[in-house]
Amino acid sequence: MLKLEKLNKSFGEHHALVDITTTFPEHQTTVILGPSGSGKSTLLRSLNLLERPESGRYFFDDDVFDFAKGISVKDTLNIRKRTEMVFQGYNLFPHLTVLKNIMEGPIQVLRRPKAEVEKDAHALLKKVGLADKADVYPNQLSGGQAQRVAIARSLAMQPKYILLDEPTSALDPELELEVLKVLKQISTEKRSMIIVTHNMAFAREVADKIIFVEDGHILFDGSNEDFFKTENKRIADFISAMT
Ligand code: ADP
Ligand code: MG
């Protein structure tokens, strides 16, 4: 279980996250929604310590970290091992084949045996529908394919949580669909995922839990079902504007 308690993050005068308290249950997909600039990315990046909140406590399984006291390099690496961020897919290593891109982390960072890692990498490529792309280089992939490789690469690191920040926002609609299909499949496997998205239909389909953020505050924190029947006018307006 991953849990935040009274997390605060400012950028200069701007208070981007205000007293954020919430949980991200294991084996569930949590979707973070909210208008542009509301703090979604900052929240997600804080979970991976790409942002350093000024205060708040971060609970991860049996560990408790206090942002006000600072988090050591060792603890930072430890947290990053358990939370893998999927970026926009364009940070694949250009000089490595798709297969080698997926194998790099497990071999270099996790120090797993090569033969095993290779077998897993092929299985992951199959999972994301790219079994036939093992030996091509990233520049031969479409944006949707590159993003699916990025997802496979994050799964290969066997993190507890996979974090995705608008994983399809750079893609054309038809390429978006193929990525969403893969994410939907992964979400049925009861992995722990946290996804920021603007795609309401997708949120409705994959989310177990939804967090709605506005101006750095959590306006809704609850089940998918409750979110879509909310009587909060602000949220209802947002849903209808986005669908
Ligand atoms: P969202 O992902 O919901 O669009 P962000 O988390 O990116 O929102 O940003 C929340 C607020 O914090 C915005 O007002 C944004 O301009 C500001 N912000 C985010 N990152 C920085 C930064 N590195 N420096 C200054 N302001 C930032
Ligand atoms: Mg964002």
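Residues numbered from 1 in each chain as written. Chains lettered and ligands numbered in written order. Predicted model: local features only at pLDDT ≥ 70, side-chain atom pairs only at ≥ 80, totals over all residues.

Applied cut-off: UniProt positions are given in the numbering used here, feature names are shortened, and annotations may be inferred rather than shown by experiment.
Under the annotation held in an unreviewed UniProt entry, the chain carries the name ABC superfamily ATP binding cassette transporter, ABC protein and is attributed to Liquorilactobacillus aquaticus DSM 21051. In UniProt, the chain has this text filed under Subcellular location (unreviewed entry): "Cell membrane".

## Things to note about the sheet that holds strand β7 (residues 161–165)
Applicable threshold: Strand pairing requires that DSSP identify at least two bridges connecting the strands. The helix count covers DSSP runs of H or I at least four residues long, the strand count covers runs of E at least two residues long, and both are numbered beginning at the N terminus. Only the stretch in contact is used when fitting a helix axis, every axis being a line fitted to C-alpha atoms; angles between N-to-C directions are given from 0 to 180 degrees.
Sheet architecture is open: six strands sit in the order β6-β7-β8-β3-β9-β10, paired in mixed fashion. The open sheet is flanked by β6 (83–86) and β10 (217–223), the only strands paired with a single partner. Pairs of neighbouring strands in the sheet enclose a mean axial angle of 15°, with direction left out of account. Relative to β10, strand β9 (residues 209–214) runs antiparallel, the two sharing six bridges. Paired with K209 across the strands is S223, a residue of β10.

## Remarks on the site of ligand 1
The criterion, for reference: For each residue, a C-beta position is placed from the backbone atoms; the residue is near a molecule or strand when that point lies within 6 Å of it. When residues are sorted by character, Ala, Val, Leu, Ile, Met, Phe, Trp, Tyr, Cys and Pro go into the nonpolar class, Asp, Glu, Lys and Arg into the charged class, and all the rest, Gly among them, into the polar class.
Around ligand 1, the surrounding shell consists of F11, H14, A16, G34, S36, G37, S38, G39, K40, S41 and T42. The element contributing the most residues to the shell around ligand 1 is helix α1 (residues 40–47), with three residues. Its residues assigned to classes, the shell around ligand 1 comprises two nonpolar, eight polar and one charged.

## Comments concerning the packing of helix α3 (residues 98–108) against helix α4 (residues 114–127)
Using the following cut-off: Oblique is the label for every angle not falling under 35 degrees (roughly parallel), over 145 degrees (roughly antiparallel), or within 65 to 115 degrees (roughly perpendicular). We call a crossing left-handed when the near helix sits turned anticlockwise from the far one by less than a right angle, and right-handed when that turn is clockwise. A pair of residues counts as a contact when their C-beta atoms, built from backbone coordinates, are separated by no more than 7 Å.
Two elements in contact, α3 and α4, have axes separated by 9 Å at closest approach and are oriented at 130°. Our classification of the angle between α3 and α4 gives oblique. In this structure, α3 meets α4 at a crossing whose hand is right-handed. Where α3 approaches α4, its residues V98, L99, I102, M103, P106 and I107 are matched on the opposing element by K114, V117, E118, A121, L124 and L125. When the residues that make up the contact of α3 with α4 are grouped by side-chain class, the tally is ten nonpolar, no polar and two charged.

## Details of the sheet that holds strand β1 (residues 2–11)
The four strands lie next to each other as β2-β1-β4-β5, forming an open sheet whose pairing is antiparallel. Strand pairing shows two members of the sheet lacking a second neighbour, β2 (14–24) and β5 (63–66), which therefore form its edges. Adjacent strand axes in the sheet meet at a mean angle of 15°, parallel and antiparallel pairs treated alike. As paired elements, β1 and strand β4 (residues 55–60) share five bridges and run antiparallel to each other.

## Concerning α4
To keep it simple, the criterion reads: To estimate how far a helix should extend, the number of its residues minus one is multiplied by 1.5 Å. Any residue surrounded by 20 or more other C-beta atoms within 10 Å of its C-beta is treated as buried, while 12 or fewer makes it exposed and the intermediate range makes it partly exposed; C-beta atoms here are placed from the backbone. Throughout, the arc means the angular range of directions from the helix axis out to the C-beta atoms.
In this model α4 runs 20 Å from its N-terminal to its C-terminal C-alpha over 14 residues, within 8% of the 20 Å that 1.5 Å per residue would give. For α4, the full list of buried residues reads V117, A121, L124 and L125. For α4, the arc enclosing every buried residue in end-on projection is 100°, short of the 170-degree limit, so these residues lie on one face. Exposed and oriented more than 90 degrees from the buried face of α4 are A115, E116 and K119. In the core, the buried residues of α4 are packed alongside α3 and α5 (143–156).

## Let's talk about the environment of I211
Relative to the helices and strands, I211 is located in strand β9. When the C-alpha atoms of I211 and N224 are compared, they prove to be 9.2 Å apart, with 13 residues separating the residues in sequence. What I211 contacts, discounting residues up to four positions off in sequence, is T22, T30, I32, I218, F220 and D221.

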